[in-house]
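If you want the building blocks of each chain, they are given just below.
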Amino acid sequence: MHVFQTQKELQIELNKTENQSKKIGFVPTMGALHEGHLSLLEQSLAENEITVLSIFVNPTQFNNADDLKKYPRTLEKDVKLVEKLNKKILVYAPSVSDIYEGNTISTSFDYDGLENQMEGKHRPGHFDGVGTIVKKLFEIVKPTNAYFGEKDFQQLQIVRKLVAKHKIQVNIIGCEIFREESGLAMSSRNERLSESARAESKLIYQILSQAKEKFVSKSANDVVLFVEKEFKKHPNFTLEYFEIAAEDTLLTCKRKVKNKKYRGFIAVFIENIRLIDNISLK
Ligand code: PAF
């Protein structure tokens, strides 16, 4: 399967006369593909005539050098998976210099405060890096539809804001979280977990599900205290945060407002690996 390594080469393909009026679906990833990514690709294949997958570990969105170094890079395996799914998918796996042209820094973005909550608080600069790469990739691929998983729900809302503020012509499509059989949200980072930690990590979804049940009758604050107490019983986990926030503003829920949509958002460490997840509290 051919892998496009430069934006020029990809654009030559996309600009071919026969491709010009076709709908382009785009799935941006950092590789280490799992079934969650494959489901995004399947949705794109069903809804577009061309599907582009990007595989690029974007250095500017990592606030921790060690995390960037250890991020799984499995291009060969990824390409085999894609080839098995559909040979027509255009895989774009650029180098850092093809994307950043010698200037590997991020632009600063204003997402109307969405960037100051949760992941933004705990990973300074992360969403500037995400905005920078997503905007660059949209400029290169010019997709009709772009697919993002709801596991990174804050990222999804930020990308929606980026597109609205910069008037980028693309439909952003949020796709449900894909979970392992145990309930653990699929993530490239799961690859780094030992077998026992991976098994133990089903606890995250179990506690999120209990939080959802409790939210029906309890206050947001009580539910947060419940989750914090549960994680204290499991010393292999270090809870970074659990927050209940409104889906649209991502502001912390202090008092429930009728008909407002809330989610419980979590970041937790196990074996020094940071996992995030969230659950709709409808
Ligand atoms: O969600 C991801 O994998 C990344 O943040 C993205 C959207 C591919 C940008 O690097």
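A brief report on the enclosed structure follows. Given the structure is predicted, the values throughout are model-derived calculations rather than measurements.

1. Some remarks on the overall build of the chain
Part 1 of the reasoning: The helix and strand inventory of the chain stands at eleven helices and nine strands.
Part 2 of the reasoning: Relative to the globule expectation of 19 Å for 282 residues, the C-alpha radius of gyration of the chain, 19 Å, shows essentially globular dimensions.
Part 3 of the reasoning: With respect to the principal axes defined by its C-alpha atoms, the chain has extents near 60 × 40 × 35 Å.
Part 4 of the reasoning: The buried share of the chain, reckoned over its 282 residues, is 52%.
Part 5 of the reasoning: Across the chain, contacts joining residues at least 24 apart in sequence account for 71% of those joining residues at least 6 apart.

2. Points about the pairing of strand β5 (residues 145-149)
Part 1 of the reasoning: In terms of residue burial, β5 counts as a mostly covered element, since four of its five residues are buried.
Part 2 of the reasoning: Sheet analysis places strand β2 (residues 24-29) next to β5, joined by two bridges and oriented parallel. Bridge assignment links Gly25 to a residue of β5, and that residue is Asn145.
Part 3 of the reasoning: One ladder, built from five bridges, connects β5 with strand β6 (residues 171-175); its direction is parallel. Paired with Phe148 across the two strands is Gly174, which belongs to β6.
Part 4 of the reasoning: One crossover worth recording links β5 to the parallel β6 by way of helix α8 (residues 153-165), and it is right-handed.

3. Remarks on the packing of helix α7 (residues 126-141) against α8
Helix packing geometry: the angle between the two helix axes and the distance between the axes.
Part 1 of the reasoning: Between α7 and α8, the shortest axis-to-axis distance is 10 Å and the interhelical angle comes to 55 degrees. One way to sum up the angle between α7 and α8 is to call them oblique. Every pair of crossing elements has a handedness; the one defined by α7 and α8 is right-handed. Together, Phe127, Val130, Gly131, Val134, Lys135 and Phe138 of α7 and Gln154, Gln155, Ile158, Val159, Leu162 and Val163 of α8 make up the contact between the two elements.
Part 2 of the reasoning: Here the residues of the contact of α7 with α8 sort into eight nonpolar, three polar and one charged.

4. Overview of the site of the ligand
Part 1 of the reasoning: All residues in the neighbourhood of the ligand are listed as Pro28, Thr29, Met30, Asn58, Gln61, Ile133, Phe148 and Gln155.
Part 2 of the reasoning: Note that an oxygen atom of the ligand is positioned 2.6 Å from one of the side-chain N or O atoms of Gln61.
Part 3 of the reasoning: Gln155 is positioned such that a nitrogen or oxygen atom in its side chain is 2.7 Å from an oxygen atom of the ligand.
Part 4 of the reasoning: Contact with the protein chains removes 89% of the 290 Å² of surface that the ligand exposes when unbound.
Part 5 of the reasoning: Here the shell around the ligand is built from residues that sort into four nonpolar, four polar and no charged.

About the thresholds
Residues numbered from 1 in each chain as written. Predicted model: local features only at pLDDT ≥ 70, side-chain atom pairs only at ≥ 80, totals over all residues. Heavy atoms only, no water. Helix = DSSP H or I, 4+ residues; strand = E, 2+ residues; numbered from the N terminus. Rg over C-alpha atoms; globule rule 2.2 N^0.38 Å. Buried < 20%, exposed > 50% of the residue type's maximum accessible area, 1.4 Å probe, protein only. Contact = heavy atoms within 4.5 Å. Pairing = 2+ DSSP bridges. Right-handed = clockwise from strand over helix to strand, strands pointing away. Axes fitted to C-alpha atoms, helices over the stretch in contact; angles between N-to-C directions. Parallel < 35°, antiparallel > 145°, perpendicular 65-115°, else oblique. Left-handed = near helix turned anticlockwise from the far one by under 90°. Nonpolar A, V, L, I, M, F, W, Y, C, P; charged D, E, K, R; others polar. Near = heavy atom within 4 Å. Polar contact = N/O pair within 3.5 Å; in protein donor to acceptor, adjacent residues only side chain to side chain. Areas by Shrake-Rupley, 256 points an atom, 1.4 Å probe, with all protein chains shown as cover.

By themselves, these figures tell us nothing about what the structure is for.
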